[in-house]
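# Structural characterization, general
Residues per chain, in single letters:
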Amino acid sequence: MTVADLRAVPPAALAAEAARLGVMIRAGTRIVDLHGGHAVRHVTLNGPEGQSSAACDLVCVSGGWSPTVHLTSHLGVKPVYRDDIGGFVPGAFPAGRLGAGAMIGAYATADAIEDGHRAGIDAAASGGKSAPVPAPAKLDLGDTATTLLREAPSVGHGKAFVDFQMDVTTRDIELAHREGYESVEHLKRYTTLGMGTDQGKTSNFPALAAMAALRNATIPETGVTTFRPPYTPVAIGALAGRAIGHHFKPIRRTPMHDWHMANGAEMLEVGLWMRPYFYRQSGDDVNEAYVAEMRNVRQAAGLMDISTLGKIDVQGPDAAIFLDRVYANGFAKLAVGRARYGVMLRDDGIVFDDGTTTRLAENRFFMTTSTAKAADVLSRLEFLLDTAWPDLRVAVTSVSDEWAAMSVAGPNSRAILNAAFPALDVSDAALSHMGLLESGWGGRALRILRLSYSGERAYEVYTGATAGEQLWSRLLEAGRPFDLKPYGVEALGALRVEKSHVAGPEIDGRTTLDDLGLGRMAGKRSGFVGDVLRRRPALRAPNRQRLVGLECIEDGKRLRGGAILFLPDEKPYGHGRGRITSVTFSPERGHYVGLALLAGDVAAEGSEVVAVYPMKAETVRARIVSPVFLDPQGERLHG
């Protein structure tokens, strides 16, 4: 190891310790060049005897001591320059603030102890304590830190780095000076000097000295940059807020989140929301639990937290006209107090999102969207009002966080509502399928929509978000005699597959209304977003993939989402004839069923396909059937 020391005579104690450790000190010597490609191989030294070379693989640099004035600068204390130490120290402290030790230029240990004693007395005095304190013993520890060793970096002679983190050289400073950036604040922004993780702690003084030399000015005349928080660099992950580990995105929780956590819910992140995946009371793992939860919904009743749905208030004299243009199916003639399922298309005719919209009054609608597309739908509506139809008198507002929402589904659902709200009439005559009931509960608004995602008689119940858990518990209490149990998103997805409700896996940005079997919704309507381009011949080709149902016909095997579909006599290679989008074990059928997108020219019901799942090297035979596996006439929804 070699030390190149600029001092003509290094301190004797330091020289003796170096000799003991076998370290060579070259006095009056500086490093003038480094050599090597991907790593340092040797350096060129310039000393009293001229230039020489020293082999090495690591170069460390010390620029001398400098007080750390960042924190005091954050408090508004301006730094001032001291020639005797060649550095900036905090200026006048305001009342109640004190400094001591190296931060105010007392580098030597003995000086720091003495200065700390003084500061301690002053601090005690500011607190009303004035008892005498013995002075510290005088110490001579042989410190050499007070030796001033400052040298302004030379400019114009080769590449000399000033800021090693941001790769700022003396040539960069010279260029900034030529361009007129003489202020230190301008120099910082022009060169990125001091913007690394050290925040200028190692680079500010040599940069100031170089600029001062170019300006023929003193360092105090040149000035010092403004130190801003943080004092210590902060990781980007910490700036993401309280949520980390999810790609720096926030975590959203429903009003019933604490109840779920306290009652055995295994949580799953869905569209930034934490939602119950399944409940441990239903089974030891998700495969056991979701089937049990499905059975309970089909046979009795289930309670589902649907607060994550996007909820948008649409108001204005032209609200109905607006929705008529946004949705592929019409809403202008929807009666007040009624809801309707709707599908939005993109401009290119591809399905964008689906959901239900309820007419609350002549000029007011309540729209719900899928969890994942809530923000996108609101942004789309605002875009259309701002650009396509600025003349429409419509206002759209997100009310997603205002409402707690839950779904009561199953044969016993009406009885449960009767028990929970005995004063309300929820009979079929008063609240038929796709109907609305608005009332109050506990001083809060109560909104009940008779909508079903499971294929069973079901009701969506809305109340103010802060009362969500209270209403959830009330429904569970009222539903206990009717075997009401909560269910998670895995069971929810399985229920909708049995009923052939399309969702994200089918609405994946590549499918049209006709692909999903929803073309009849639009009928002969025109004038809505996406209407023209959805009629392109390519989107109506006979071999275009369309929605079908599949049932597994091999005992002991299962279907898997994402499996590639081939005809029985085809070699399983490439993209096949289609893909499975959603699967579930169906308690009603006793085997696995699924929804798939399959080429229309081979999608005849009753024929067979082979589902190949390369990730597990699985091959399963399946039969093409109607995608509606349960109650095709919809009898369970009514009555």
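Below: a short report on this structure.

Calculation rules
The residue numbering used here restarts from 1 in each chain and proceeds along that chain's sequence as written. Local features are withheld for residues below a pLDDT of 70 in this predicted model, meaning they are given only at 70 or higher, and side-chain atom pairs are given and counted only at 80 or more; totals for whole chains, interfaces and linings count all residues. Side-chain metrics rest on all non-hydrogen atoms present in the structure, leaving aside hydrogens and water. Runs of E in the DSSP output that reach at least two residues are strands. Runs of H or I that reach at least four are helices, and both are numbered from the N terminus. Between the two quantities, the radius of gyration covers C-alpha atoms and the globule rule is 2.2 Å times the number of residues to the power 0.38. Each residue is assigned to one of three classes by its accessible area relative to the maximum for its type, calculated with a 1.4 Å probe on protein chains only: buried under 20%, partly exposed between the two thresholds, exposed over 50%. Only heavy atoms enter the contact rule, under which two residues are in contact if any of them lie within 4.5 Å. In short, Shrake-Rupley with a 1.4 Å probe defines the accessible areas, and a residue's cover is counted only from the protein chains shown. Think of it this way: Lys and Arg go in the positive column, Asp and Glu in the negative one, and His and the chain ends go nowhere. The atoms used to mark charge sites are NZ of Lys, CZ of Arg, CG of Asp and CD of Glu. Strands qualify as paired when DSSP identifies two bridges or more between them. Note on geometry: axes are lines fitted to C-alpha atoms, helical ones only across the stretch in contact, with angles between N-to-C directions running from 0 to 180 degrees. By convention, a stacked pair of Phe, Tyr or Trp rings (six-membered ring in the case of Trp) has centres within 6.5 Å and planes under 30 degrees apart, an edge-to-face pair has planes over 60 apart, and any other such pair is tilted. In this scheme, the term charge over a ring applies when either NZ of a lysine or CZ of an arginine sits within 6 Å of the ring centre and within 35 degrees of the ring normal. Convention used here: angles under 35 degrees read as roughly parallel, angles over 145 as roughly antiparallel, angles from 65 to 115 as roughly perpendicular, and any remaining angle as oblique. Should the near helix be turned counterclockwise from the far one by less than a right angle, the crossing is left-handed, whereas a clockwise turn marks it as right-handed. Think of it as three bins: nonpolar holds Ala, Val, Leu, Ile, Met, Phe, Trp, Tyr, Cys and Pro, charged holds Asp, Glu, Lys and Arg, and polar takes everything else, Gly as well. Both site types are read off a 1 Å grid over the protein atoms alone. A 1.4 Å probe that fits but cannot get out defines a cavity, while an open set with protein on both sides within 12 Å along at least five of seven lines defines a pocket; lining residues have an atom within 4 Å of a point. Grid points are joined across faces, edges and corners, and a volume is the space filled by probe spheres set on the points. Given the number of residues in a helix, its expected span is that number minus one, multiplied by 1.5 Å. Directions from the helix axis toward the C-beta atoms define the arc. Residues enter patches when they are more than 30% accessible in relative terms and free of salt bridges; like-charged ones are connected within 9 Å and nonpolar ones (Val, Leu, Ile, Met, Phe, Trp, Tyr) within 5 Å. Here, a salt bridge means any Lys or Arg side-chain nitrogen found within 4 Å of an Asp or Glu carboxyl oxygen. Buried residues of nine kinds, namely Ala, Val, Leu, Ile, Met, Phe, Trp, Tyr and Cys, make up a nonpolar core once their side-chain atoms join them within 4.5 Å. What qualifies as a polar contact is a pair of N or O atoms within 3.5 Å, subject to a donor-acceptor requirement within protein and to the restriction that residues adjacent in sequence count only when both atoms come from side chains.

As a further point, take the overall build of the protein. The helix and strand tally for the protein stands at 15 helices and 29 strands. For 639 residues, the compact-globule formula gives about 26 Å, and the C-alpha radius of gyration of the protein, at 37 Å, lies well above that figure. Structurally, the protein occupies a C-alpha span of about 100 × 70 × 55 Å along its principal axes. Within the protein, buried positions represent 45% of all 639 residues. Within the protein, contacts between residues separated by at least 24 positions form 59% of all contacts whose residues are at least 6 apart in sequence. Only carbon and sulfur atoms are counted for the fraction: they give 53% of the accessible area of the protein, which is about 31,900 Å². Looking at the protein, you have 70 positive and 72 negative side-chain charges, and the mean spots of the two groups are 4 Å apart.

What follows concerns the sheet that holds strand β27 (residues 591-599). Pairing in this closed barrel of 6 strands is antiparallel, and the strands run β24-β27-β26-β25-β28-β29 around the ring. Across the sheet, the mean angle from the axis of one strand to that of its neighbour is 45°, orientation sign disregarded. The pairing of strand β25 (residues 564-566) with strand β26 (residues 578-586) spans 2 bridges and is classified as antiparallel. By the bridge assignment, leucine 565 is partnered in β26 with glycine 578. Along the sheet, helix α14 (residues 489-499) contacts β26 and β27; its crossing angle with β26, the most-contacted strand, is approximately 110°.

According to the stated counting rule, one finds 12 aromatic pairs in the structure shown. Taken together, a centroid distance of 5.2 Å and an interplanar angle of 65° make the contact between tyrosine 81 and phenylalanine 88 edge-to-face. An aromatic cluster of at least three residues, connected via ring pairs, comprises Trp259, Tyr279 and Trp472. Of note, arginine 340 hangs over the ring of phenylalanine 331, and the distance from its end group to the ring centre comes to 5.8 Å. We note arginine 447 situated over the ring of phenylalanine 366; from NZ or CZ to the ring centre the distance is 4.6 Å.

What follows is about the packing of helix α4 (residues 170-178) against helix α5 (residues 184-191). Here α4 crosses α5 at 120°, and the two axes come no closer than 10 Å. With respect to α5, the element α4 is oriented oblique. Handedness of the α4/α5 crossing: right-handed. Within the contact between the two elements, α4 uses Asp172, Ile173, Leu175 and Ala176 and α5 uses Leu187, Tyr190 and Thr191. Of the residues belonging to the contact of α4 with α5, the class tally is 5 nonpolar, 1 polar and 1 charged.

Here we come to empty space enclosed by the protein. This model, assessed by the stated rule, comprises 4 cavities of 30 Å³ or more. The calculated volume of the largest cavity comes to roughly 70 Å³. What lines the largest cavity is simply His70, Lys188, Gly194, Gln199, Gly200, Asn204, Thr225, Thr226, Phe227 and Arg228. Taken together, the residues of the lining of the largest cavity sort by class into 1 nonpolar, 7 polar and 2 charged. Approximately 50 Å³ is the volume found for the second largest cavity. For the second largest cavity, the full set of lining residues is Arg558, Leu559, Arg560, Ala563, Ile580, Ala611, Tyr613, Glu618, Thr619 and Val620. When residues of the lining of the second largest cavity are traced back to their parent elements, those giving at least two are β28 (608-613) and β29 (618-625).

Moving on to the pairing of strand β16 (residues 351-361). Burial of β16 is extensive: 10 of the 11 residues sit out of reach of the surface. Judged from the 7 bridges that link them, strand β15 (residues 339-345) and β16 form a sheet pairing that is antiparallel. What sits directly across from arginine 340, in β16, is threonine 357. In this structure, the hairpin formed by β15 and β16 is closed by a connection of 5 residues, where glycine 349 is found at a positive phi of approximately 90°.

This part takes up helix α11 (residues 374-388). Between its terminal C-alpha atoms α11 stretches 21 Å, which fits the 21 Å expected from 15 residues at 1.5 Å a residue. Ala374, Val377, Leu378, Arg380, Leu381, Leu384 and Leu385 are the residues of α11 that are buried. An end-on view of α11 places all buried positions within 160° of arc, on one side of the element. Projecting away from the buried face of α11 at angles above 90 degrees are the exposed residues Ala375 and Asp386. The elements touched by buried residues of α11 are β14 (310-315), α10 (319-326), β15, β16, β17 (364-369) and β18 (395-398).

With that settled, consider a nonpolar patch on the surface. A cluster of nonpolar side chains, contributed by Val61, Phe161 and Phe164, occupies part of the molecular surface with about 320 Å² of accessible area. Structurally, phenylalanine 164 is set in the loop between β8 (161-163) and β9 (168-169). Of the residues examined, phenylalanine 164 reaches a relative accessible area of 53% and is grouped as exposed.

On to the nonpolar core. Judged by nonpolar contacts, the single largest core of 46 residues is most densely connected at Tyr462, Tyr487, Leu550, Leu559, Leu565, Ile580 and Leu598. Taken together, the elements giving at least two residues each to this core come down to α9 (286-299), β19 (403-409), β22 (458-464), α14, β24 (545-552), β27, β28 and β29. Core analysis: the next-biggest nonpolar cluster, separate from the first, contains 31 residues, Met256, Leu303, Val461 and Leu476 among them.

This part covers the side chain of arginine 450. Examined against the element boundaries, arginine 450 turns out to sit in the loop between β21 (444-449) and β22. Within the structure, arginine 450 has its side chain in polar contact with the backbone oxygen of glycine 639 (distance 3.1 Å).

Turning to the sheet that holds strand β12 (residues 273-279), a few remarks are in order. Here we have 3 strands laid out as an open sheet, ordered β10-β12-β11, and mixed in their pairing. With one partner strand each, in any of the chains shown, β10 (252-253) and β11 (265-270) form the two edges of the open sheet. The pairing of β10 with β12 spans 2 bridges and is classified as parallel. Bridge pairing links arginine 252 to tryptophan 273 in β12.

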